[in-house]
Amino acid sequence: GRGGRLDKYDIPVEVSGEGAPAPAAGFEEAGLVEAVLRNVARCGYDCPTPVQRYSMPIVLGGRDLMACAQTGSGKTAAFCLPVISGLVAADADAAAGGNKDAFGYDDYTRAARPRALVLAPTRELAAQIHEEAKKFSHQTGIKVKVAYGGTSMIQQLRDIERGVDILVATPGRLVDMIERGRVSLEAIKYLVMDEADRMLDMGFEPQIRKIVDGMGMPRKSMRQTMLFSATFPPQIQRLASDFLSKYIFITVGRVGS
Ligand code: ADP
Ligand code: MG
């Protein structure tokens, strides 16, 4: 059901969508794996921000998420922590079943196969998410790599081909790498679109639609999708209904449209 609640920081949070889980009181209560909890502590995060408290149980619970939240609300950890935790848990399950090396690289096509894709509008933002995600995946075995334009693609590909679990990318460079057959989206389990409104403002909608719908990515029922945006205009609403499946919608603070 729909209902405004006041967070403990007095930041209003609106939640709607069928079966939304309760927000986590703290990082420990959210259900993150131990290795990720250690990294959160190493980063000096004592308690989650409102968008983190709501997002973590939703994503860890396997649900799609549309989150409207302003800059500075802590969105990076809101998606990185549950995604990293989910990948670590999947690896532990695979290892228990004797299937540890099932992911990361396609021996036949020789394309890198990330399991999580984070799309961001700019090189600076992609680099920033990459740095944060590396801190959160310290000693988990999860490899985070980055792809953005304006710099050598050879170098980035060399790094990606050494192993990639999470790829943080700007749309243009990613399309280029996929079209060259160097990156495959066929193993994607998690898709995150960060600052989606800025990506649209920058004219990336055609590339985004191509990446999500025309380049081998599993369909929406076979992946988990998280869409983050500061605003919720009709163009973003359409992306949400096209890319998300039975999603939970959260609004943190005051959001324009
Ligand atoms: P957004 O993407 O919403 O603009 P960021 O994820 O970049 O926000 O976070 C903004 C700042 O707050 C960063 O410096 C980040 O390290 C810090 N931060 C995020 N979450 C927490 C937390 N739970 N505790 C302390 N600092 C945090
Ligand atoms: Mg951000």
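Definitions and cut-offs
- Residues numbered from 1 in each chain as written.
- Chains lettered and ligands numbered in written order.
- Predicted model: local features only at pLDDT ≥ 70, side-chain atom pairs only at ≥ 80, totals over all residues.
- Heavy atoms only, no water.
- Helix = DSSP H or I, 4+ residues; strand = E, 2+ residues; numbered from the N terminus.
- Rg over C-alpha atoms; globule rule 2.2 N^0.38 Å.
- Buried < 20%, exposed > 50% of the residue type's maximum accessible area, 1.4 Å probe, protein only.
- Contact = heavy atoms within 4.5 Å.
- Areas by Shrake-Rupley, 256 points an atom, 1.4 Å probe, with all protein chains shown as cover.
- Lys, Arg positive; Asp, Glu negative; His and termini not counted.
- Charge placed at Lys NZ, Arg CZ, Asp CG, Glu CD.
- Right-handed = clockwise from strand over helix to strand, strands pointing away.
- Near = heavy atom within 4 Å.
- Polar contact = N/O pair within 3.5 Å; in protein donor to acceptor, adjacent residues only side chain to side chain.
- Phe/Tyr/Trp six-rings, centres within 6.5 Å; stacked < 30°, edge-to-face > 60°.
- Arc of directions from axis to C-beta.
- Axes fitted to C-alpha atoms, helices over the stretch in contact; angles between N-to-C directions.
- Parallel < 35°, antiparallel > 145°, perpendicular 65-115°, else oblique.
- Left-handed = near helix turned anticlockwise from the far one by under 90°.
- Nonpolar A, V, L, I, M, F, W, Y, C, P; charged D, E, K, R; others polar.
- UniProt positions renumbered as here; feature names shortened; annotations may be inferred.

1. Remarks on the overall build of the chain
So, step 1. Across its full length, the chain carries ten helices and eleven strands.
So, step 2. Rg of the C-alpha trace for the chain: 17 Å, near the compact-globule value of 18 Å for 257 residues, within the 12% margin.
So, step 3. The principal-axis extent of the C-alpha atoms belonging to the chain is close to 50 × 40 × 30 Å.
So, step 4. Per-residue burial for the chain yields a buried fraction of 53% across its 257 residues.
So, step 5. Across the chain, every contact between residues at least 6 apart in sequence was considered, and the portion connecting residues at least 24 apart equals 73%.
So, step 6. Put simply, the chain shows about 11600 Å² of open surface, and 48% of that area lies on carbon and sulfur atoms.
So, step 7. Once the 32 positive and 30 negative side-chain charges of the chain are each reduced to a mean point, those two points are 3 Å apart.

2. Structural notes on the pairing of strand S7 (residues 144-147)
So, step 1. Neither face of S7 is open: one carries Val 144 and Val 146, the other Lys 145 and Ala 147, and all of them are buried.
So, step 2. Read as a crossover between parallel neighbours, the route from S7 over helix H6 (residues 153-161) to strand S8 (residues 166-169) is right-handed.

3. Observations concerning the side chain of Glu 195
So, step 1. Within the secondary structure, Glu 195 is located in the loop between strand S9 (190-193) and helix H8 (196-201).
So, step 2. For Glu 195, the residues in contact, after removing those within four places along its chain, are Pro 121, Leu 125 and Phe 228.

4. As for the site of ligand 1
So, step 1. Ligand 1 sits among 15 residues. The nearest are Tyr 45, Gln 52, Gly 72, Lys 75 and Thr 76.
So, step 2. A distance of 2.5 Å separates an oxygen atom of ligand 1 from a polar atom in the backbone of Gly 72.
So, step 3. Gly 74 places a polar main-chain atom, nitrogen or oxygen, 3.1 Å from an oxygen atom of ligand 1.
So, step 4. For ligand 1, whose accessible area on its own is 560 Å², the fraction buried by protein is 70%.

5. A short note on the packing of aromatic side chains
So, step 1. As enumerated under the stated definition, the model contains four aromatic pairs in all.
So, step 2. With a centroid separation of 6.4 Å and an interplanar angle of 35 degrees, the aromatic rings of Phe 27 and Tyr 45 are classed as tilted. Separated by 18 residues along the polypeptide, Phe 27 in helix H1 (residues 27-30) and Tyr 45 in the loop between helix H2 (34-42) and helix H3 (50-60) bring together distant segments of the chain.
So, step 3. Taking relative accessible area as the criterion, Phe 27 reaches 2% and is therefore assigned buried.

6. Thoughts on helix H10 (residues 234-243)
So, step 1. Taken as a whole, H10 has its buried residues at Ile 236, Leu 239, Ala 240 and Phe 243. Along H10, the residues classed as buried sweep out an arc of 100 degrees about the axis, all on the same side.

7. So, the packing of helix H4 (residues 75-96) against helix H5 (residues 123-136)
For any two helices packed against each other, the geometry comes down to the angle between their axes and how far apart the axes lie.
So, step 1. Contact geometry of H4 with H5 gives a least axis separation of 10 Å together with a crossing angle of 45 degrees. Classified by the interaxial angle, the pair formed by H4 and H5 is oblique. Judged by the sense of rotation from one axis to the other, the crossing of H4 with H5 is right-handed. Here Thr 76, Ala 77, Phe 79, Cys 80, Leu 81 and Ile 84 of H4 come into contact with H5, specifically with Ile 129, Glu 132, Ala 133 and Phe 136.
So, step 2. In terms of residue class, the contact of H4 with H5 is made up of eight nonpolar, one polar and one charged.

8. Overview of the UniProt feature "short sequence motif: Q motif" (unreviewed entry) in the chain
So, step 1. Mapped onto this numbering, the UniProt entry gives "short sequence motif: Q motif" (unreviewed entry) at residues 25-53.
So, step 2. Structurally, residues 25-53 is divided into 59% helix and 0% strand, and its ends, taken at the C-alpha atoms, are 7 Å apart.

9. Let's talk about the side chain of Ser 137
So, step 1. Structurally, the position occupied by Ser 137 is in the loop between H5 and S7.
So, step 2. Setting aside residues no more than four positions away along its own chain, Ser 137 makes contact with Asn 39, Ile 84, Ile 142 and Val 144.

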